[in-house]
Amino acid sequence: MLGIDPSREPRRYWGDFFEQGSWGRLQDAVRAGAGQELDIRSANGNANGENLKWFHVKAALTSDKLEGSLQDITVRHKATERLRFLAENDPLTGVLNRRGIEKILERATQELAGGRSLALAYLDLDRFKLINDLFGHIAGDEVLRQVCRRIEGMLTDGHELGRIGGDEFVIVFQGTPIRAASVICRGIVETIGAPAYQIGDTAFQVKGSIGLIELTDGTAIRDAISMADRACRAAKGEGACWAFIAE
């Protein structure tokens, strides 16, 4: 599991293989006489979790020694993390799904009473269905991924992007006044529309309409999403790129 060759490496140290601080945590658990099982990470791996391993350690104090066992639980841990991720994130694009967005909104609306600004945008891609119909869902899916990356590039701390339909997205602007959010929304519409999306040998032009509302204390989450949707539909109906309704 650890890649040790006993014949060539007679002595190695805990810190060579396991995350910093895990040795102290294990000793504390054993001395406490309870919770003598611990999940720990390997010492290697990068910030994205590549090459990172997870282990389950069971240990007990025998005389003056710690004796225990080690089990590689990397596959189980990754499966659990994936399930946790999919509970609140869209599997295609990696952005939040409806459940994830609603949780963000629930927390954000609780801060409205303290005077913090909160705005919500609803984005709908125009005639996106044609890409799927003419070029297939593989091309359409890749365009959606690239759309999300472009939008994320326009957002800062406190802003959250979610996909709640095939080509429909919402953006939560926490701590952002409506006028500042409107400027960002204009930029999002522009960056979505150009340059073209290059998928293989084909270039796709995508445009979107966006509606923006300002939330006030007491606004229900589902009502907020519906109001932002109506603002987006108003923009489409007027042939505009965007529209906002101050609530």
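Whatever comes next refers back to the structure up there.
Residues numbered from 1 in each chain as written. Predicted model: local features only at pLDDT ≥ 70, side-chain atom pairs only at ≥ 80, totals over all residues. Heavy atoms only, no water.

Caption draft 1: Broad picture of helix α3 (residues 98–109). Spanning 12 residues, α3 covers 16 Å between terminal C-alpha atoms, matching the ideal 16 Å at 1.5 Å per step. If you check which residues of α3 are buried, you get Gly-100, Ile-101, Glu-102, Ile-104, Leu-105, Ala-108 and Thr-109. Buried residues along α3 sit against α2 (74–88), β4 (118–126), β5 (159–163), β6 (168–174) and α7 (221–237). Its side-chain oxygen placed 3.2 Å from the backbone nitrogen of Arg-99, Asn-97 serves as the N-cap of α3. (Helix = DSSP H or I, 4+ residues; strand = E, 2+ residues; numbered from the N terminus. Expected span 1.5 Å × (residues − 1). Buried < 20%, exposed > 50% of the residue type's maximum accessible area, 1.4 Å probe, protein only. Contact = heavy atoms within 4.5 Å. Polar contact = N/O pair within 3.5 Å; in protein donor to acceptor, adjacent residues only side chain to side chain.)

Caption draft 2: Broad picture of the pairing of β6. Most of β6 sits inside the fold, with 6 of its 7 residues counted as buried. When β4 meets β6, the two strands line up antiparallel, connected through 7 bridges. Looking across to β6, one finds that Ala-119 is bridged to Phe-173. Across 5 bridges, β5 lies against β6 in antiparallel orientation. Its bridge partner being in β6, Arg-163 is matched across the sheet by Phe-169. Between β5 and β6, which pair antiparallel and follow one another directly, the connecting turn spans 4 residues. (Pairing = 2+ DSSP bridges.)

Caption draft 3: Up close: the pattern of salt bridges. If you walk through the whole model with that rule in mind, you get 16 salt bridges. Between Asp-90 and Arg-163 there is a salt bridge, and its shortest N-O distance comes to 3.2 Å. Pair noted here: Asp-90 is in the loop between α2 and α3 and Arg-163 is in strand β5, with a separation of 73 residues, a long-range link. Assessed through its relative accessible area of 9%, Asp-90 is described here as buried. Residue classification places Arg-163 among the buried positions, given a relative accessible area of 16%. Put simply, Glu-19, Arg-25 and Arg-41 are held in one network by salt bridges that share partners. (Salt bridge = Lys/Arg side-chain N within 4 Å of Asp/Glu carboxyl O.)

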